[in-house]
Amino acid sequence: MSAVAVVRHAQDLLDEAGLHGAYLVRNLDTGAEIGFDADTPYPAASLVKVPLAVAVLERVARGELDPATPIEVPPSRITTPGPTGLSRFRHPARIAVDDLLYLSTCISDNVAADALFDLVPPAAVAAELRRLRIDGIAVRHRVGDLTDTPAERLGPEDVHLAHSLAIGATTPGRGHPVAQLDVTRANAGSARAFVDLLHALWRPSTIHETVAARVRALMGDNLHRQRLAPDFTSDVSRWSSKTGTLLHLRHEVGVVEHADGQSYAVAALTASRVPAVAQPGSEATMAQVARSLHDHLRTGVLPWWG
């Protein structure tokens, strides 16, 4: 099958699953890549926790932050389904910066991420990315600012209404009345931008080596394994990644490292047309599409850039 046919088949699979999206797969050593709509920006959701970790650890590497410093974290007492970790704590906690990084990156704890954003605000994270010459990822807000969506104000039986609003209200210019879904106001990035970030972490040049190694280890310990991981994890490959989920958005970016030494960065950014919270079939299709692009690139056939 030609690269063009592989891409068309991938897009058809997404459409049949009620998804549209942007994908990019890149060989980290040769630079060869295959994908589609790779430069289209999407709201980043929890993917922003990767550049946050980079910015915090760069300050640690420069001696500006002590990773052992304990941070007072007030309880959130969130009872709605979904949030994890400190978000559900009922009592104050004292947690070291290094452990907040684990909670934020590995279990996608929003309260832990915002405790880190208190130390390194969004504007400082954005400035760090510019210093490291990583372009295309906009960091504008704390995580908590962008997770207060209509879904949090509806009961479980009405959450589909928030998803219907998310799906139906996007403007042609990718604006949205829900601020968290407006790429001009939300934390945002394209598939290419996130692959560039992964490339900079797995083949570091501007990022400090100890920072890159720590972020790689954190992504390798990601506990959210339901999306792309089933198609990329095996006894002869290692999958390290970060997921992002917000209303109808389902993302994952990561790197698969094969036993033969080849490594591929993968970015899958998607939005669903189905107003439902649980969509395991859609997530399985996301993985199938990512794997088909990866497998075509890994065969050695000349890639097609879309």
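Residues numbered from 1 in each chain as written. Predicted model: local features only at pLDDT ≥ 70, side-chain atom pairs only at ≥ 80, totals over all residues. Heavy atoms only, no water.

- An unreviewed UniProt entry lists the protein chain under the name Serine hydrolase, with Micromonospora sp. CCTCC AA 2012012 as the source organism.

**What to know about the nonpolar core**
- Counting 69 residues, the largest nonpolar core has Leu100, Leu201, Ile207 and Val215 as the members making the most contacts within it.
- When residues in this core are grouped by element, the largest group, nine residues, is from helix 7 (residues 191–202).
- Ignoring any residue separated from it by four or fewer positions in sequence, one finds Leu100 in contact with Ile71, Val73, Leu86, Ile95, Ala112, Ala115 and Leu116.
- Ala17, Tyr23, Met286 and Leu297 belong to the second largest nonpolar core, which has 27 residues in total. (Core = buried A, V, L, I, M, F, W, Y, C linked by side-chain atoms within 4.5 Å. Buried < 20%, exposed > 50% of the residue type's maximum accessible area, 1.4 Å probe, protein only. Helix = DSSP H or I, 4+ residues; strand = E, 2+ residues; numbered from the N terminus. Contact = heavy atoms within 4.5 Å.)

**Some details on the sheet that holds strand 8 (residues 237–246)**
- Spatially, 2-1-10-9-8 is the arrangement adopted by the five strands of the open sheet, whose pairing is antiparallel. Looking at which strands have only one partner, the edges of the open sheet turn out to be strand 2 (33–36) and strand 8. The average angle at which neighbouring strand axes cross in this sheet is 10 degrees, direction not considered.
- Across nine bridges, the pairing between strand 9 (residues 249–258) and strand 10 (residues 263–272) is antiparallel. (Pairing = 2+ DSSP bridges. Axes fitted to C-alpha atoms, helices over the stretch in contact; angles between N-to-C directions.)

**Concerning unusual backbone geometry**
- In this structure, Ser108 is a non-glycine residue whose phi angle is positive, near 60 degrees.
- Tracing the backbone shows Ser108 in the loop between helix 3 (97–106) and helix 4 (110–119).
- The backbone of Leu247 sits at a positive phi, close to 50 degrees, despite the residue not being glycine.
- The residue Leu247 is located in the loop between strand 8 and strand 9 in this model.

**Side note on the packing of helix 1 (residues 3–16) against helix 10 (residues 280–298)**
- The N-to-C vectors of helix 1 and helix 10 enclose an angle of 175 degrees; their axes lie 9 Å apart at closest approach. Considered as vectors, helix 1 and helix 10 are oriented roughly antiparallel to each other. Residues Ala3, Val6, Val7, Ala10, Leu13 and Leu14 of helix 1 touch helix 10, and the partners they reach there are Thr285, Gln288, Val289, Ser292, Leu293 and His296.
- A class-by-class count of the residues in the contact of helix 1 with helix 10 yields eight nonpolar, four polar and no charged. (Parallel < 35°, antiparallel > 145°, perpendicular 65-115°, else oblique. Nonpolar A, V, L, I, M, F, W, Y, C, P; charged D, E, K, R; others polar.)

**What to know about the packing of aromatic side chains**
- As enumerated under the stated definition, the model contains two aromatic pairs in all.
- Ring geometry for Phe232 versus Trp239: centroids 4.8 Å apart, planes at 15 degrees, classification stacked.
- Owing to a relative accessible area of 1%, Phe232 belongs among the buried residues under this scheme.
- Judged by relative accessible area, Trp239 falls into the buried class, the value being 2%. (Phe/Tyr/Trp six-rings, centres within 6.5 Å; stacked < 30°, edge-to-face > 60°.)

**Description of the pairing of strand 4 (residues 70–73)**
- Residues of strand 4 alternate between two faces, with Ile71 and Val73 buried on one and Pro70 and Glu72 left unburied on the opposite face.
- Where strand 4 lies against strand 5 (residues 93–96), four bridges are found, and the strand directions are antiparallel. The residue of strand 5 that forms the bridge with Glu72 is Arg94.

**A word on the pairing of strand 8**
- The buried fraction of strand 8 amounts to eight of the 10 residues, a majority that puts the element mostly inside the structure.
- Sheet topology note: the strand 8/strand 9 ladder contains 10 bridges and is antiparallel. Paired with Trp239 across the two strands is Val256, which belongs to strand 9.
- Count of turn residues in the strand 8/strand 9 antiparallel hairpin: two residues, of which Leu247 carries a positive phi of about 50 degrees.

**Overview of the pattern of salt bridges**
- In the structure shown here, the tally under the stated rule is 21 salt bridges.
- The partner of Arg26 in a salt bridge is Glu33, and the shortest N-O contact between them spans 2.8 Å. We note that Arg26, like Glu33, is buried.
- Glu128 is the salt-bridge partner of Arg62, the closest N and O atoms lying 3.0 Å from each other. Of this pair, Arg62 sits in the loop between helix 2 (49–61) and strand 4 while Glu128 sits in helix 5 (residues 122–131), and the two are 66 residues apart along the sequence.
- Owing to a relative accessible area of 38%, Arg62 belongs among the partly exposed residues under this scheme.
- Residue classification places Glu128 among the buried positions, given a relative accessible area of 7%.
- One network of salt bridges, in which partners are shared, links Glu58, Arg59, Arg62, Glu64, Glu128 and Arg131. (Salt bridge = Lys/Arg side-chain N within 4 Å of Asp/Glu carboxyl O.)

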